[in-house]
Amino acid sequence: MKKILYYVSDHGKGHATRSIAIIQEMLKHNIEVIVRNTNALEFFNQSLPNTKIIPGKTDVGSTIKKDGFSIDKNKTKENQIKWIQDLEKNSIAEKHIAEEIKPDLIVSDISAIPFLVAKQISVHSVAISNFSWYDVLNFLPSNELAELKSAYNEADLAIKLPLGTSMNHFKKKLKTGLVSRTTNLSKQELRRTFQMDNYKYSVLFALSGSNFTVSCKKTKDVKIFSMNTKIQGSLRSSDYTNLINGHDLVSNSDLVICKCGYGIISECLTNGIPFYYVIDNEHLEQKSISKELENMGLSNRIMLNDINNITLSPEKLESLQIFHEPNDVNSVVEHLYQFIKN
């Protein structure tokens, strides 16, 4: 049986959700996948119960300020410089793990270390992401950026997903469509699952740990759901922060109001769910996502403080633009399969 060692970034849930969608399809090809990750272990264990997960730090992401929303550039810079300076040392430790596994392919979303490991053990490596740390950390010193670029340059291929940065620094790049999880439940099954008997509409708030409290107005036929978002008690919301199959909750929604992250926005698009998003202007990945959405004709950005000026009513929800993008997970899996089928 062929093996893939799959490194998933420890920064943000979006890396984990799309990786799970890809891995689930890879398993159908009778390929063993071993996952390397730390921050989403329970998420992986429940989503991929028969897949081996090896805990281990894969990268360092951006540090968020106390507001739960904005990037702390100074702290991010400090942490990233130390991490990048340790890339070579950490890759040697990773090499020992990879040598025991003996993978036929190493995949990374989007840690730089795996490409150094792949070079050391002479196997192919593929990057899968909508951005690279080299693109979004352009405020780092030139020496660290050069180290990061050099590591990424060892990848045999970068599979570039939509909604992100250019990733032009990779020596070989292939563009695909969106990759995300999509629900297997019918609309009726979704309504039963989320107890919608007394409601006609549902709105999901997913502001990813922001300290902002939602206190907008709504009509009585609208049910409010939340994921990692503070909701004023009078709105009587249902909290599903720990839901593993969050894409089912997205698919049950008539509107999603969220942080501008690849994971939830891709799930809205591939499931045909209207959404509004908020961004941090200092976050280059979010800015890139927002720009691409605008180029697609989706001017759905909303300011955080304007959320509470919205009245969630049937008229409002029925007037929303529905935009449906295909899920291209099978294409991504086919590109990976080409590396290991012989």
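Residues numbered from 1 in each chain as written. Predicted model: local features only at pLDDT ≥ 70, side-chain atom pairs only at ≥ 80, totals over all residues. Heavy atoms only, no water.

### Considerations on helix α1 (residues 13-27)
Item 1. End to end, α1 covers 21 Å across 15 residues, agreeing with the expected 21 Å (1.5 Å per residue, within 8%).
Item 2. Counting buried positions along α1 gives twelve out of 15 residues, so the element sits mostly inside the fold.
Item 3. When we look at burial in α1, the residues that qualify are Gly14, His15, Ala16, Thr17, Arg18, Ser19, Ile20, Ala21, Ile22, Ile23, Glu25 and Met26. (Helix = DSSP H or I, 4+ residues; strand = E, 2+ residues; numbered from the N terminus. Expected span 1.5 Å × (residues − 1). Buried < 20%, exposed > 50% of the residue type's maximum accessible area, 1.4 Å probe, protein only.)

### Looking at helix α5 (residues 113-121)
Item 1. Among the nine residues in α5, seven count as buried, and that is most of the element.
Item 2. Among the residues of α5, Ile113, Pro114, Phe115, Leu116, Val117, Ala118 and Ile121 are the ones counted as buried.
Item 3. Those residues of α5 hidden inside the fold are in contact with β1 (3-8), α3 (73-85), α4 (87-101), β4 (105-109), β5 (124-129) and α7 (142-152).
Item 4. At the C-terminal side of α5, Ser122 shows a positive phi close to 60 degrees. (Contact = heavy atoms within 4.5 Å.)

### Some points on the environment of Ser331
Item 1. Positionally, Ser331 belongs in helix α13 (residues 329-340).
Item 2. For Ser331, a relative accessible area of 24% translates into the label partly exposed.
Item 3. Residues Ser331 and Phe43, spaced 288 residues apart in sequence, show a C-alpha to C-alpha distance of 24 Å.

### Here we look at unusual backbone geometry
Note: most peptide bonds trans; most residues except glycine with negative phi.
Item 1. For the peptide bond that leads from Asp109 to Ile110, omega is -5 degrees, which places it in the cis range.
Item 2. Here Ile110 is to be found in the loop between β4 and α5.
Item 3. Of note in this structure, Arg236 is not a glycine but carries a positive phi near 50 degrees.
Item 4. When you line up the elements, Arg236 lands in the loop between β12 (230-231) and β13 (238-239).

### Brief notes about the sheet that holds strand β8 (residues 201-206)
Item 1. Within the open sheet, the five strands sit side by side as β13-β11-β8-β14-β15. Their pairing is parallel. At either margin of the open sheet sits one strand with a lone partner, and together these are β13 and β15 (275-278).
Item 2. As defined by bridge partners, β8 adjoins strand β11 (residues 222-226) across five bridges and the pair is classed as parallel. Bridge pairing in β11 links Leu204 to Phe225. (Pairing = 2+ DSSP bridges.)

### Concerning the sheet that holds β4
Item 1. Reading across from one edge, β3-β2-β1-β4-β5-β6-β7 is the order of the seven strands in this open sheet, with parallel pairing throughout. Edge strands, defined here as strands with exactly one partner in the open sheet, are β3 (52-55) and β7 (173-175). Averaged over all pairs of adjacent strands, the angle between their axes in this sheet comes to 20 degrees, without regard to strand direction.
Item 2. Where β4 meets β5, four bridges bridge the pair, whose relative direction is parallel. (Axes fitted to C-alpha atoms, helices over the stretch in contact; angles between N-to-C directions.)

So, to be careful, I would describe these as geometric facts and stop short of saying anything about function.
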